[in-house]
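Fold and geometry: a report
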Amino acid sequence: MENILLQKANYLAEESGVDVTIITTDQQRRGCFFPISPKIHLIDLDINYCDAKRSKFWHLKKLYLHKLHKKRLTQVLHKERFDICISLMDFDFKFLPDIKDGSKKVAEYHFSRYAKALSATNPVKRYLQRLRTYSWISSLKKLDRFIVLTTRDKEQWGDLKNMEVIPNFISQYPTTASDLNHKRIISVGRYSYQKGFDMLLKAWSMVQDKLSDWELVIFGGGDKTVYEDMVNSLNLDRVTLNPPTADIGKEYLESSMYVMSSRFEGLPLVLQEAMSYGLLVISFDCPCGPSDIIKPEFGVLVENGDVEQLAASIIQAASAPDWLKSAGVIARSNSLRFLKPEIMSKWESLFSDLMQN
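Since the structure is predicted, the reported quantities are computational estimates derived from the model, not experimental observations.

Definitions and cut-offs
- Residues numbered from 1 in each chain as written.
- Predicted model: local features only at pLDDT ≥ 70, side-chain atom pairs only at ≥ 80, totals over all residues.
- Heavy atoms only, no water.
- Phe/Tyr/Trp six-rings, centres within 6.5 Å; stacked < 30°, edge-to-face > 60°.
- Helix = DSSP H or I, 4+ residues; strand = E, 2+ residues; numbered from the N terminus.
- Buried < 20%, exposed > 50% of the residue type's maximum accessible area, 1.4 Å probe, protein only.
- Pairing = 2+ DSSP bridges.
- Axes fitted to C-alpha atoms, helices over the stretch in contact; angles between N-to-C directions.
- Contact = heavy atoms within 4.5 Å.
- Core = buried A, V, L, I, M, F, W, Y, C linked by side-chain atoms within 4.5 Å.
- Parallel < 35°, antiparallel > 145°, perpendicular 65-115°, else oblique.
- Nonpolar A, V, L, I, M, F, W, Y, C, P; charged D, E, K, R; others polar.
- Expected span 1.5 Å × (residues − 1).
- Left-handed = near helix turned anticlockwise from the far one by under 90°.

**Observations concerning the packing of aromatic side chains**
Each aromatic ring pair is described using two quantities: the centre-to-centre distance and the angle formed by the ring planes. With the rule as written, the count across this model stands at 15 aromatic pairs. Ring centres 5.5 Å apart and planes at 80 degrees place the aromatic pair Phe-93 and Trp-136 in the edge-to-face group. Remark: Trp-136 occurs in the loop between α5 (123-135) and α6 (137-141) and Phe-93 occurs in the loop between β3 (84-87) and β4 (104-108); sequence separation between them is 43 residues. You'll find Phe-93 and Trp-136 in the same group, each marked buried. Ring plane angle 20 degrees and centroid distance 6.3 Å describe the contact between Trp-136 and Trp-157, whose orientation is recorded as stacked. Here Trp-136, found in the loop between α5 and α6, pairs with Trp-157, found in helix α7 (residues 151-157); they are 21 residues apart in sequence, far enough to count as distant. As far as burial versus exposure is concerned, Trp-136 and Trp-157 are alike and both buried. A connected cluster of aromatic rings, assembled from ring pairs, spans Phe-93, Tyr-109, Phe-111, Trp-136, Phe-146 and Trp-157.

Written as structure tokens, this is what we have:
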């Protein structure tokens, strides 16, 4: 989210000449991790939620910090008189519409509506998370615009008249594509329940004997112990569980197929990135994102959680080299719709529409 935010802000400040200010709550005089334009103004409200979360009195402190947050943000908005104020939906979006400073109020959500519920393995927590997102509706209705990443997520939020879909963008379009001569399948993401690598490994156990000259490589951060144990228990061959890499482009170029086994997503940028390198993409039709990205001409949507169908789709694609190559060309061309200028034009149209109403 921080990376996407700063890329948007940099584009608006440098390419569109917009006067951009980023307001934070927990910066604590640290610099930005990602590059930031010198034209962007930074204001920190010095609320420090992160420090308070470590306290056993967090729930009491949170009430106080919410009031302090609203007070300080109200002071800044009345002083600066912005035209548009955008929330990334942490602690401020519920009270943002109540600040009558004259600015248009927008919120953008970088997850899918039920992502937190789906990530909860405890049924009680899952139910509470669903109640939590339901409680947001009254606040979201007060906004001038509510932005989600996918059409499928828009459907999940229901009949909100102020809702609009604007996906995230890929940072850059690679100058070269994979030649698709590498019998190598790649997947990228944190070693976590969400990414479903356990299901990918089960699918590979059905694939490896039929595709004896293909390999599977996974790149990601986090604890991979569980998946290493699965590799051993399932007697898997030609599987490599790698740490993150700073040059993921090189890995895409040395692969011919991208497989995503996630249980849920917001908008999986890895699919868009893989397409930009000319890879055929196969993914579970999980909520949300893959169905917005993948078309039959260059990829396969598999029923969510159907491991056998995932394995069959991998075998079918690997056994059709002509389709693999033609699909890769179409995938690369299709990824152009996710380039930064294309997506930022949607944001600029949104801003123009808000200012006219």
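**Some remarks on the sheet that holds strand β8 (residues 215-219)**
Sheets are built from strands that pair by backbone hydrogen bonding, the pairs being arranged parallel or antiparallel. Here 6 strands make up an open sheet; going across it, the order is β9-β8-β7-β10-β11-β12 and the pairing parallel. This sheet does not close on itself; its edge strands, each paired only once, are β9 (239-242) and β12 (299-302). Taking the axes of each pair of neighbouring strands and ignoring which way they run, one obtains an average angle of 20 degrees across the sheet. In the sheet, strand β11 (residues 280-284) pairs with β12 via 4 bridges, with the strands oriented parallel. When the sheet's bridge partners are listed, Ser-283 is paired in β12 with Leu-301. Where helix α13 (residues 307-318) meets the sheet, it contacts β7 (184-188), β10 (257-260), β11 and β12, and its direction lies at approximately 170 degrees from that of β11.

**Concerning the nonpolar core**
Within soluble globular proteins, side chains that are nonpolar generally end up buried alongside one another. Ranked by internal contacts, the top residues of the largest apolar core, which has 60 residues, are Leu-201, Tyr-252, Met-257, Tyr-258, Ile-282, Leu-310 and Ile-314. Once residues within four sequence positions are removed from consideration, Leu-310 is found in contact with Leu-200, Ala-203, Val-259, Ile-282, Phe-284 and Val-302. Counting residues in each nonpolar core, the second largest holds 19 residues, with Leu-6, Ala-13, Ile-147 and Phe-169 among its members.

**A few points about the sheet that holds β3**
Read from one edge of the open sheet, 4 strands run β3-β4-β5-β6, paired in parallel fashion. Every other strand in the sheet has two partners, leaving β3 and β6 (163-165) as the edge strands with one partner each. Between one strand axis and the next, the sheet turns by 25 degrees as a mean value, whatever way the strands run.

**Overview of the packing of helix α1 (residues 2-14) against helix α15 (residues 340-356)**
For any two helices packed against each other, one specifies the inter-axial angle together with the distance between the axes. Between α1 and α15, whose axes approach to 11 Å, the crossing angle comes to 75 degrees. It follows that α1 is roughly perpendicular to α15 by the angle criterion. Seen from α1, the contacting residues are Gln-7, Lys-8, Tyr-11 and Leu-12; seen from α15, they are Lys-340, Pro-341, Met-344, Trp-347, Glu-348 and Phe-351. A class-by-class count of the residues in the contact of α1 with α15 yields 6 nonpolar, 1 polar and 3 charged.

**Examining helix α3 (residues 58-80)**
Because an α-helix packs 3.6 residues into every turn, residues spaced three or four apart end up facing the same way. With 23 residues, α3 ought to run about 33 Å at 1.5 Å a step, and its terminal C-alpha atoms sit 31 Å apart, in line with that. Those residues of α3 that fall on the buried side of the exposure criterion are Trp-58, Leu-65, Leu-68, His-69, Leu-73, Val-76 and Leu-77. Looking one or two residues past α3, Arg-81 carries a phi angle of roughly 55 degrees, positive in sign.

**Things to note about helix α11 (residues 269-276)**
For α11, the buried fraction is high: 6 of the 8 residues fall into the buried class. Along α11, the positions that sit buried rather than exposed are Val-270, Leu-271, Gln-272, Ala-274, Met-275 and Ser-276. Turning to α11, the residues buried within the fold contact β7, α10 (248-253), β10, β11, α12 (290-293) and α14 (321-334). Of the residues trailing α11, Gly-278 is marked for its positive phi of about 80 degrees.

**Focus: the packing of helix α8 (residues 197-207) against helix α9 (residues 225-233)**
Where α8 contacts α9, the axes come no closer than 10 Å and their chain directions differ by 15 degrees. Overall, the two elements α8 and α9 adopt an arrangement that is roughly parallel. Crossing angle aside, the handedness with which α8 passes α9 is right-handed. Of α9, the residues touching α8 (which contributes Phe-197, Asp-198, Leu-201 and Lys-202) are Tyr-227, Met-230 and Val-231. Broken down by class, the residue content of the contact of α8 with α9 amounts to 5 nonpolar, no polar and 2 charged.

Honestly, that's just the spatial picture; any functional story needs more than this.
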